[in-house]
Every structure is written in structure tokens, then in C-alpha cells.
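Descriptive structure summary
Chain by chain, the residues:
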Amino acid sequence: MSVVVTLDRIRQDLQEFARLAEVRYDPAVMDPVLAALEDLWTTSVIGVRTTTHPVAQRGLNVRLLNSGPGTDPVTALREAGLLEFTGHPMEQLLTDIPAAVPASFGVDVGVARGVEKIWLMFPELISVERLLGFAGIPEAARAHTAHLSRYGGEIGILALDFTSRTMNLYSQPFTPGQLTAADISTILADLGFVAATDQELALLGQTFDLYRTFSWTSPRMQRICFPVRYDATSFPKQLDPVLDRFVSGAPYAGTGPRGFTFYTAYGPNDRYYKVQAEYTSTRHVTVPGGRTPDQLAPQGSTP
């Protein structure tokens with residue numbers, strides 16, 4: 001991190017993020033999490049994310065990513081009573097995968113809901129076949145082995161959502177433009193998801209990754225999402241007032257240029273947009289696969 005983020009500052013800035021996103025910030029929820037995860041949020045990269053869902057369904061998440069070796073937020077959260085294990089298969093994945101392959105942890109925290117997701121990030125990419133071989137992986141993911149292998153191939157991140165009981169699989173990062181607009185149209189059609197608009201395809205042709213959402217209760221993929229990295233001036237703020245307000249006013253605790261990530265998520269019946277603002281600098285971060293965030297930005301829009 002390029003500057004020291006104090007408890008008072010992160011509280012104040014998260015409240016401002018919540019105001020921009022028009023969502024509730026609950027100190028009674030956030031304060032215990034910030035206390036339990038102090039070793040994580042003072043040393044990791046922090047991103048803050050919201051969506052274009054209607055206000056009643058909109059959330060604000062704080063993402064604490066790229067923790068150092070040996071950091072174990074899961075134990076800290078369980079000991080603090082902030083994460084409950086109930087015997088769900090995702091709990092086994094949190095034990096078995098880090099025991100078998102190098103992984104660092106991350107945490108998603110909803111500012112009004114508490115701990116939502118636990119992330120496993122793989123500095124050494126994992127093959128689709130190996131990851132799907134772990135006990136506890138949803139059968140729906142295994143049913144999409146060919147799709148996962150064809151589009152993106154190796155896995156860079158796995159995220160387990162304890163609120164929705166779903167799992168996200170992120171492909172390895174790749175060069176913007178490698179997955180074309182035509183590829184995206186084909187993917188959505190093959191999955192039976194809503195089609196992308198021409199405007200969306202023009203933006204998403206510069207995606208650097210794709211991730212899919214699976215559950216343990218359905219045989220089909222729940223959602224697919226395509227991220228694109230921008231700076232504040234090139235970000236497609238015109239698509240929705242929430243995006244404009246969030247990008248224009250987002251607090252920043254870093255120094256130097258900052259980046260934003262634009263996402264479009266598609267499902268069987270709808271689409272929506274997401275935005276993530278870097279709250280701390282990613283200038284010295286390496287993402288799974290050995291690339292830097294700047295290498296994932298479209299040409300001409302590097303933060």
C-alpha cells in the first residue's frame with residue numbers, strides 16, 4: 001500500500017462510497033469485521049464495488065485481496081463469530097484447496113451485511129481439470145468442463161459466496177482483445193443467456209478475464225461476467241447514473257494513477273453492470289498468471 005490507511009479514514013471513506021451507491025452503511029456490521037481483519041485490510045489491496053441493480057437490491061462490497069503468505073482470514077472470522085460453518089461443501093474447499101496448492105486469501109464484506117465471499121487466488125494457475133477434481137466442487141461446474149477449458153482455460157481465482165451459496169471461477173487473465181466480441185456473442189448464445197447489445201460488445205471486446213457463477217442446487221450456470229479495466233476518464237460512465245456518480249466521486253487512499261473495473265454480468269433473463277474502484281494503489285500488484293493490472297487495461301486507457 002502506498003499510504004497508511006487508518007481505521008478512522010477507512011470508516012469515513014466507506015461511508016462516502018455508500019452514499020454514492022445509495023446504500024446503507026452499518027457501523028455495527030463493519031466495525032467488528034474491520035477489527036477482526038485488521039491484519040488484512042492494513043496490508044492488502046482494497047477495492048470497493050457496487051452494481052446498477054435497483055436501490056432495494058443494490059449492495060456495496062469492500063474487497064480485501066492479495067493477502068500475503070500465511071494470512072488466514074477464515075480462522076480470524078470464525079473465531080470472531082463473523083463466519084459460520086454449517087457443513088456446506090464450500091467449507092471443505094476452503095480447507096482442501098489451500099492444503100494442496102499455493103493460494104492467498106481475500107474477503108468480500110458487504111457494508112450492511114458483513115462477510116459475503118472468501119476468495120482463493122492462485123499465483124500458479126490451476127488447470128480446469130485439477131480444480132474440478134476437488135471434492136465439494138458443484139456438479140454444475142463439472143458439467144461445463146468443455147466451456148471452462150475453451151474460454152480462458154486455467155483458473156486464476158475461486159470465490160465462495162456464503163450469502164448466496166454460490167461459487168465463482170475466474171479464468172486466467174489474458175490480453176485485452178484476445179476474447180473478441182464475436183466470442184462473447186457465441187458464449188452468451190450457447191449458454192442461453194440474454195444477448196449483449198452492440199454498445200456492450202464494443203466495450204467488452206477489451207475484457208481481460210471472464211468468470212462464471214455456479215450453485216450446488218442447479219445444473220446450469222447461473223451467470224457469466226466480463227470485466228474491463230479503465231481509468232476515470234475512459235470509464236463508460238454514460239451507461240448508468242450510478243456508474244457516473246461512483247467513478248466521479250470515489251475516495252482514493254492511494255497515490256498516483258488509479259484504475260476502475262467495469263463489469264457486465266449476464267444471466268438467463270437479465271443483465272446488469274458493476275463497477276469496482278481501487279481504494280488503494282495496485283501499482284506493485286501481480287495478479288494470477290504473473291501480469292500486472294496495467295497489462296490488463298485496453299490500449300490507451302492504462303491508469
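Because the structure is a prediction, the values reported are computed rather than measured. (Residues numbered from 1 in each chain as written. Predicted model: local features only at pLDDT ≥ 70, side-chain atom pairs only at ≥ 80, totals over all residues. Heavy atoms only, no water.)

**Considerations on the overall build of the protein chain**
- Secondary structure summary: the protein chain contains eleven helices and ten strands in total.
- Seen through its principal axes, the protein chain has C-alpha atoms that stretch 50 × 45 × 35 Å.
- Counting every position in the protein chain, which comprises 303 residues, the buried fraction comes to 56%.
- Within the protein chain, counting contacts between residues at least 6 apart in sequence, those at least 24 apart form 69% of the total.
- Per element, the accessible surface of the protein chain, about 12300 Å² overall, is 49% carbon and sulfur.
- Across the protein chain, the 25 positively charged side chains and the 31 negatively charged ones have centroids separated by 3 Å. (Helix = DSSP H or I, 4+ residues; strand = E, 2+ residues; numbered from the N terminus. Buried < 20%, exposed > 50% of the residue type's maximum accessible area, 1.4 Å probe, protein only. Contact = heavy atoms within 4.5 Å. Areas by Shrake-Rupley, 256 points an atom, 1.4 Å probe, with all protein chains shown as cover. Lys, Arg positive; Asp, Glu negative; His and termini not counted. Charge placed at Lys NZ, Arg CZ, Asp CG, Glu CD.)

**Remarks on the pattern of salt bridges**
- Tallied over the entire structure, the rule returns twelve salt bridges.
- Of the charged contacts in the structure, one is a salt bridge between Arg63 and Asp108, with a shortest N-O distance of 3.1 Å. Placement of the pair is Arg63 in strand 2 (residues 60–65) and Asp108 in strand 3 (residues 104–110), with a sequence separation of 45 residues. In this structure, Arg63 and Asp108 share a single accessibility class: buried.
- Its salt-bridge partner being Glu278, residue Arg229 comes within 2.4 Å of it at the nearest N-O pair. (Salt bridge = Lys/Arg side-chain N within 4 Å of Asp/Glu carboxyl O.)

**Points about the sheet that holds strand 10 (residues 271–278)**
- An order of 1-2-3-4-5-6-7-8-9-10 is seen for the ten strands of this closed barrel, with the pairing classed as antiparallel. Put simply, the sheet's adjacent strands are angled 20° from each other on average, direction ignored.
- Relative to strand 5 (residues 155–161), strand 4 (residues 114–126) runs antiparallel, the two sharing six bridges. By the bridge assignment, Ile118 is partnered in strand 5 with Leu160.
- In the packing of helix 11 (residues 241–249) onto the sheet, the strands contacted are strand 1 (45–51), strand 2, strand 9 (260–266) and strand 10, and the crossing angle to strand 10 comes to about 5°. (Pairing = 2+ DSSP bridges. Axes fitted to C-alpha atoms, helices over the stretch in contact; angles between N-to-C directions.)

**Structural notes on the environment of Val29**
- For Val29, the location among the structural elements is in helix 2 (residues 27–36).
- Ignoring any residue separated from it by four or fewer positions in sequence, one finds Val29 in contact with Gly110, Val111, Ala112, Arg113 and Gly114.

**Description of the packing of aromatic side chains**
- In total, this model carries ten aromatic pairs according to the counting rule given.
- Judged by centre distance (6.1 Å) and plane angle (10°), the rings of Phe85 and Phe162 are stacked. One end of the pair, Phe85, is in the loop between helix 4 (73–79) and helix 5 (89–100); the other, Phe162, is in the loop between strand 5 and strand 6 (166–171), and 77 residues separate them in sequence.
- The class of Phe85 is partly exposed, set by a relative accessible area of 23%.
- An angle of 75° between the planes, with centres 6.0 Å apart, marks the rings of Tyr230 and Phe235 as edge-to-face.
- Ring-pair connections join several aromatic residues into one group, and the members of that group are Tyr230, Phe235, Phe260, Phe262 and Tyr273.
- The cationic tip of Arg78 hangs over the ring face of Phe85; the distance from NZ or CZ to the ring centre is 3.8 Å.
- Above the face of the Tyr263 ring, Lys274 is positioned so that its terminal group lies 5.2 Å from the ring centre. (Phe/Tyr/Trp six-rings, centres within 6.5 Å; stacked < 30°, edge-to-face > 60°. Lys NZ or Arg CZ within 6 Å of the ring centre and 35° of its normal.)

None of this, on its own, says anything about what the molecule does.
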